[in-house]
Every structure is written in structure tokens, then in C-alpha cells.
Amino acid sequence: KTPSLGQVAKLRHQDGVNFAAFSPNGMQVVTASADKTARVWTAGSGEDVATLKHRGPVLSAAFSPDGKRVVTASGDTTARVWIASSGKK
């Protein structure tokens, strides 16, 4: 039997989640959603740190190697780079 790890946090969007990834240090998670947002979350608590808004569904997102920035790719024909801690472009 494989041991159950259990759920630590539930990260909710208003529509389907297309992608999720941990930050390099494992302390945050970025999610990309069909609700036209990507979100940066605190991994342990599920706190929403930043909401990154696009004009179309967000297809993927990734942290930079140092974890300070996030890049998002959207169906609105844009890819954007954001400050992970604030959501500013």
C-alpha cells in the first residue's frame, strides 16, 4: 500500500486549472486557469499571494530559477513576466 500524504491546502479558481507548479524553494505554488488568471499561493496555507490577470485563459505559468518572478502564457496571445510577491508586471 502507498501511504496517503493528505491534503495540505486547497487552491481554488473560478474555472478549470490548466497548470500548477512549485516555486524553486517549495514554499509557493503558481496555478494557471481558464478563469483568465494565474495565482501565486503560499504552499502550506493556501493563502492567495498574488492574482495575475490576463484577457484570455492562462495556459501555463512558471517561476524563474530564483523564485522572484513568474512568467505566464495566455490564450490572449501574450506571455507576461510578473513579480511573484506582488503580482506587478
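Residues numbered from 1 in each chain as written. Predicted model: local features only at pLDDT ≥ 70, side-chain atom pairs only at ≥ 80, totals over all residues. Heavy atoms only, no water.

Time to look at the overall build of the protein. Helix and strand counts for the protein stand at zero helices and seven strands. Starting at the N terminus and ending at the C terminus, the protein contains elements arranged as β-β-β-β-β-β-β. In summary, the protein has a C-alpha radius of gyration of 13 Å against a globular reference of 12 Å for 89 residues, a match within 12%. When each of the 89 residues of the protein is scored for burial, the buried share is 37%. By sequence separation, contacts in the protein at least 24 residues apart represent 30% of the contacts at least 6 residues apart. Carbon and sulfur atoms provide 53% of the accessible area of the protein, an area that totals close to 5600 Å². Distance from the positive charge centre (12 side chains) to the negative charge centre (6 side chains) of the protein: 1 Å. (Helix = DSSP H or I, 4+ residues; strand = E, 2+ residues; numbered from the N terminus. Rg over C-alpha atoms; globule rule 2.2 N^0.38 Å. Buried < 20%, exposed > 50% of the residue type's maximum accessible area, 1.4 Å probe, protein only. Contact = heavy atoms within 4.5 Å. Areas by Shrake-Rupley, 256 points an atom, 1.4 Å probe, with all protein chains shown as cover. Lys, Arg positive; Asp, Glu negative; His and termini not counted. Charge placed at Lys NZ, Arg CZ, Asp CG, Glu CD.)

So, about the pairing of strand 2 (residues 28–33). In terms of residue burial, strand 2 counts as a mostly covered element, since six of its six residues are buried. Turn length for the strand 1 (residues 17–22)-strand 2 hairpin, with the two strands adjacent in sequence and antiparallel, is five residues, and the turn residue Gly 26 shows positive phi of about 75°. In this sheet, strand 3 (residues 37–42) lies alongside strand 2 in antiparallel orientation, the contact comprising five bridges. Within strand 3, the position partnered with Thr 31 by the bridge is Arg 39. Turn length for the strand 2-strand 3 hairpin, with the two strands adjacent in sequence and antiparallel, is three residues, and the turn residue Lys 36 shows positive phi of about 75°. (Pairing = 2+ DSSP bridges.)

Turning our eyes to something else, we now look at the sheet that holds strand 2. As a general point, the strands of a sheet are linked pairwise by backbone hydrogen bonds and lie either parallel or antiparallel. Read from one edge of the open sheet, four strands run 1-2-3-4, paired in antiparallel fashion. Where the open sheet ends on each side, the last strands, each with one partner, are strand 1 and strand 4 (48–53). Each strand of the sheet is rotated relative to its neighbour by a mean of 15°, with strand direction disregarded. (Axes fitted to C-alpha atoms, helices over the stretch in contact; angles between N-to-C directions.)

If you look at the biggest cluster of nonpolar residues, it comprises 12 residues: Val 30, Ala 32, Ala 38, Val 40, Ala 50, Leu 52, Val 58, Ala 61, Phe 63, Val 70, Trp 82 and Ala 84. If you list the elements that add at least two residues to this core, you get strand 2, strand 3, strand 4 and strand 5 (58–63). Here this core takes three residues from strand 5, the largest share from any one element. Residues in contact with Trp 82, not counting those within four places in the same chain, are Leu 52, Lys 53, His 54, Lys 68, Arg 69, Val 70, Thr 72, Gly 87, Lys 88 and Lys 89. (Core = buried A, V, L, I, M, F, W, Y, C linked by side-chain atoms within 4.5 Å.)

Geometry only, nothing functional implied.
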